[in-house]
Amino acid sequence: MLELNGVTAGYGSFQALFGVSLEVRSGEAVAVIGPNGAGKTTLLRAISGMLPVQSGSLNLEGVSLREIPPHRLIEFGIAHVPENRRLFPGMSIEDNLRMGAFTPNARSRFAERLQFVFELFPHLKERRNQTAGTLSGGEQQMCAIGRALMSEPKLLLMDEPSAGLAPVIVHQVFQLVRQIRDQGLTVLIVEQNIEQVLQIVDRAYLLEVGAIKMSGTARELSQSESLRKAYVGL
């Protein structure tokens, strides 16, 4: 579904990604893991068009993402759950979800998609009129994921969904990611919580200093002695 070949990107004169190549197949959950500052957020921003790519190719189902204006990528099936959630704090949960359904196709199916999200997150349905800024961190993360799902994406990008959450909420969020993947949605997730994310994905890539250093099935990486010593602490 998604193919990156030799992607380089950065901020001004600072290069953050160095020839990154990876693949995400339809129906997979794939993780990009690595330490803080490795370039994981930059990678997602490059895929979703928030950051211009300097060189290399990005293709979604054979279509070059570099040829599509960033504001139109959601029409091609990419939805991005950004780091720190980025909700509209003064708006209600339902209105935040409505913002995720702004494309013509999504608007025509708003009621159907809203029901889908509320079935996935029944707690949000109970509080649909509550302003997003008054929600707990875990509830805000659920709302952010729900907002992305409103567009019925083919590919869901998730940036550090466990960041800043209590351990019990982190477990709930990862279980939700597993549930979303089990429903057939393709997921690309970047995470520092390596031990837990490897339990819910099919494959993973290790990103260090802007370059892919290791890749394999989640099982292979979780059993990698060098990875465990460097990042899991075991």
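An account of the accompanying structure is given in this report. Just so we're clear, the structure is a prediction, and the values are computed from it rather than from any experiment.

The rules behind each value
- Residues numbered from 1 in each chain as written.
- Predicted model: local features only at pLDDT ≥ 70, side-chain atom pairs only at ≥ 80, totals over all residues.
- Heavy atoms only, no water.
- Core = buried A, V, L, I, M, F, W, Y, C linked by side-chain atoms within 4.5 Å.
- Buried < 20%, exposed > 50% of the residue type's maximum accessible area, 1.4 Å probe, protein only.
- Contact = heavy atoms within 4.5 Å.
- 1 Å grid on protein atoms, 1.4 Å probe; cavity = no way out; pocket = protein on both sides within 12 Å on 5 of 7 lines; lining within 4 Å.
- Points joined across faces, edges and corners; volume = space filled by probe spheres on them.
- Helix = DSSP H or I, 4+ residues; strand = E, 2+ residues; numbered from the N terminus.
- Nonpolar A, V, L, I, M, F, W, Y, C, P; charged D, E, K, R; others polar.
- Expected span 1.5 Å × (residues − 1).
- Pairing = 2+ DSSP bridges.
- Axes fitted to C-alpha atoms, helices over the stretch in contact; angles between N-to-C directions.

## Side note on the nonpolar core
- The biggest cluster of nonpolar side chains holds 48 residues, and the ones touching the most others in it are Phe121, Leu149, Leu156, Val197, Leu198 and Val201.
- Leave out the neighbours within four places in its chain, and Phe121 touches Met142, Ile145, Gly146, Leu149 and Leu176.
- Within the second largest apolar cluster, 30 residues are counted, among which are Leu22, Val30, Val32 and Ala38.

## Section: the layout of surface pockets
- Taken as a whole, the largest pocket holds about 570 Å³ of empty space.
- In this structure, the largest pocket is lined by 21 residues; those nearest its centre are Met50, Ile74, Ala79, His80 and Pro82.
- Those elements that provide at least two residues to the lining of the largest pocket are α1 (40–47), β6 (78–81) and α6 (137–149).
- Among the elements that line the lining of the largest pocket, the one with the most residues is β6, at 3 residues.
- In terms of residue class, the lining of the largest pocket is built from 11 nonpolar, 5 polar and 5 charged.

## Structural notes on α6
- The terminal C-alpha atoms of α6, which comprises 13 residues, lie 19 Å apart, in line with the 18 Å expected from a rise of 1.5 Å per residue.
- Burial analysis of α6 places 12 of its 13 residues in the buried class, the great majority of the element.
- Among the residues making up α6, those that are buried are Gly138, Glu139, Gln140, Gln141, Met142, Cys143, Ala144, Ile145, Gly146, Arg147, Ala148 and Leu149.
- Contacts made by the buried residues of α6 are with β6, α2 (93–99), α4 (110–120), α5 (122–126), β7 (155–159) and α7 (167–182).

## Observations regarding the sheet that holds β7
- The strand order across the open sheet formed by 6 strands is β6-β7-β8-β3-β9-β10, and the pairing between neighbours is mixed. Strands at the two margins of the open sheet, each flanked by one partner only, are β6 and β10 (211–217). The mean angle between the axes of side-by-side strands here comes to 15°, regardless of whether they run parallel or antiparallel.
- Both β7 and strand β8 (residues 186–191) contribute to a ladder of 5 bridges, which runs parallel. Residue pairing in the sheet places Leu155 in a bridge with Thr186 of β8.

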